[in-house]
Amino acid sequence: MNPVLEHILTTRSVSDGQVAVPLADNISREEGEFLAKIIRDVKPRTSVEIGLGYGVSTLYICDALVANGLPARHIVMDPFQSTRYRSIGLRNITQAGYSRLIEFHEEPSEFQLPRLNAEGLSVEFALVDGWHSFDQVMVEFYYINRLLRVGGVVAFDDANRRNINRVIRHALTYPAYEVYDARRGQGSGLTWAGVVRQAMRRFPRAEQIFREDLLYRDWDLGVFATFVALRKVAEDNLSERWDPT
Ligand SMILES: C[S@@+](CC[C@H](N)C(=O)[O-])C[C@H]1O[C@@H](n2cnc3c(N)ncnc32)[C@H](O)[C@@H]1O
């Protein structure tokens, strides 16, 4: 692990060069290792990340990109880097020696992602960890879906929050997406409720009778997790009449 990242995680503090502040808003060590595993697996040449903060997830991504030993361009966006985060995320990246990999935009995702689309960019990996409202994450997924190549992966942090979970469930209604991997939460596997759901799913025309979220809980879909990655498995050719319900 890069010594700058190790130091940040061990001391749980970051600095702007003058004042130290407590580390906050970052992904955990376990999530970072999960993220690095995806990057080593997918080997993206171009990737995007929403939400730099103090730069912990970006450092994990850069570590894995360097380990891949391939040319890589990682595009990061965050409108509050120089204000709320006092440019500490960017400072950490420079200190870790990763500036050459990073293209940073101090812009909100809702402006930057459409711009990247208009430029004709395509990516093999995207991390969503910005503003966590449902409509924000839905807009981000909309543009990431257009950027992502078939075979590419989109990962969502805080996937156990209802707002993010709703977007993930929506994405999984697209024929073009399937669960790639998930960092699972604590859980005991099949419960009595799970047995009942399995029985309900065996009813003739069950999907017309019961609500989809009653038939399939997060556990059944493989998204009972704090961090979920979806893979794009086909071109997204949905017609304007397509309706998942
Ligand atoms: C949870 S923090 C990201 C932490 C980072 N991924 C890490 O592991 O250290 C969320 C970040 O999203 C940023 N953010 C908020 N609104 C945003 C937007 N509209 N577009 C992009 N980033 C946004 C915030 O400034 C903040 O840095």
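For the structure itself, consult the block above.
Here we summarise the structure given alongside this text. Computed from a prediction, not measured in an experiment: that's the story for all the values here. (Residues numbered from 1 in each chain as written. Predicted model: local features only at pLDDT ≥ 70, side-chain atom pairs only at ≥ 80, totals over all residues. Heavy atoms only, no water.)

It is worth spelling out the overall build of the protein chain at this point. Regarding its fold elements, the protein chain presents 11 helices and 9 strands. Summarising its shape, the C-alpha atoms of the protein chain cover approximately 65 × 40 × 35 Å along the three principal directions. Summarising the internal contacts of the protein chain: among those between residues at least 6 apart in sequence, 81% fall at separations of at least 24. Total accessible area computed for the protein chain in this model is approximately 12,500 Å², and 50% of it derives from carbon and sulfur atoms. Charge-centre separation for the protein chain: the mean point of 29 positive side chains lies 4 Å from the mean point of 32 negative side chains. (Helix = DSSP H or I, 4+ residues; strand = E, 2+ residues; numbered from the N terminus. Contact = heavy atoms within 4.5 Å. Areas by Shrake-Rupley, 256 points an atom, 1.4 Å probe, with all protein chains shown as cover. Lys, Arg positive; Asp, Glu negative; His and termini not counted. Charge placed at Lys NZ, Arg CZ, Asp CG, Glu CD.)

All told, the structure shown has 7 salt bridges when counted by the stated rule. Note that Arg86 is salt-bridged to Asp16, the shortest N-O span being 2.8 Å. With Arg86 in the loop between strand E4 (73-77) and helix H4 (88-96) and Asp16 in the loop between strand E1 (13-15) and strand E2 (20-22), this residue pair connects regions lying 70 residues apart in the sequence. On the basis of relative accessibility, which here comes to 37%, the residue Arg86 falls in the partly exposed class. Since its relative accessible area comes to 24%, Asp16 is described here as partly exposed. Arg149 is paired through a salt bridge with Glu124; the nearest N and O atoms lie 2.7 Å apart. Pair noted here: Arg149 is in strand E7 (residues 148-157) and Glu124 is in strand E6 (residues 123-128), with a separation of 25 residues, a long-range link. (Salt bridge = Lys/Arg side-chain N within 4 Å of Asp/Glu carboxyl O. Buried < 20%, exposed > 50% of the residue type's maximum accessible area, 1.4 Å probe, protein only.)

What follows concerns the side chain of Asn145. With respect to the helices and strands, the residue Asn145 is situated in helix H6 (residues 134-147). Accessibility expressed as a relative area gives 8% for Asn145, which makes it buried. Among all residues touching Asn145, those that are not within four sequence positions of it are Tyr174, Tyr177, Lys232 and Asp236.

Turning to the site of the ligand, a few remarks are in order. With respect to spatial proximity, 22 residues lie near the ligand, and among them Ile27, Ser57, Asp78, Ser109 and Asp129 are the closest. One of the side-chain nitrogen or oxygen atoms of Glu110 is found 3.1 Å away from a nitrogen atom of the ligand. Residue Gln136 places a side-chain N or O atom 3.5 Å away from a nitrogen atom belonging to the ligand. Burial of the ligand by the protein chains amounts to 94% of its free accessible area of 600 Å². Contributions of two or more residues to the shell around the ligand are made by helix H3 (56-68) and helix H5 (109-118). (Near = heavy atom within 4 Å. Polar contact = N/O pair within 3.5 Å; in protein donor to acceptor, adjacent residues only side chain to side chain.)

With that out of the way, let us pick up the pairing of strand E3 (residues 46-50). Among the 5 residues in E3, 5 count as buried, and that is most of the element. Burial along E3 is two-sided: the residues Thr46, Val48 and Ile50 and Ser47 and Glu49 are all buried. In terms of strand pairing, E3 meets E4 through 5 bridges, oriented parallel. Looking at E4, one finds that Glu49 is bridged to Val76. Between E3 and its parallel partner E4, the chain crosses via H3, and the hand of that crossover is right-handed. Relative to E6, E3 runs parallel, the two sharing 4 bridges. Across the sheet, the residue bridging to Ile50 is Val128, located in E6. (Pairing = 2+ DSSP bridges. Right-handed = clockwise from strand over helix to strand, strands pointing away.)

Phi at Lys43 is positive, roughly 50°, even though this residue is not glycine. Note on placement: Lys43 falls in the loop between helix H2 (29-42) and E3. With relative accessibility at 40%, the residue Lys43 sits in the partly exposed group. Of note, the phi angle at Asp158 is positive, near 55°, even though the residue is not glycine. Tracing the backbone shows Asp158 in the loop between E7 and helix H7 (162-173).

The next subject is H6. Compared with the 20 Å implied by 1.5 Å per residue over 14 residues, the 20 Å span of H6 between its first and last C-alpha is a close match. Within the span of H6, buried status applies to Gln136, Val137, Met138, Glu140, Phe141, Ile144, Asn145 and Leu147. (Expected span 1.5 Å × (residues − 1).)

Read these as layout, nothing more, since geometry by itself doesn't imply function.
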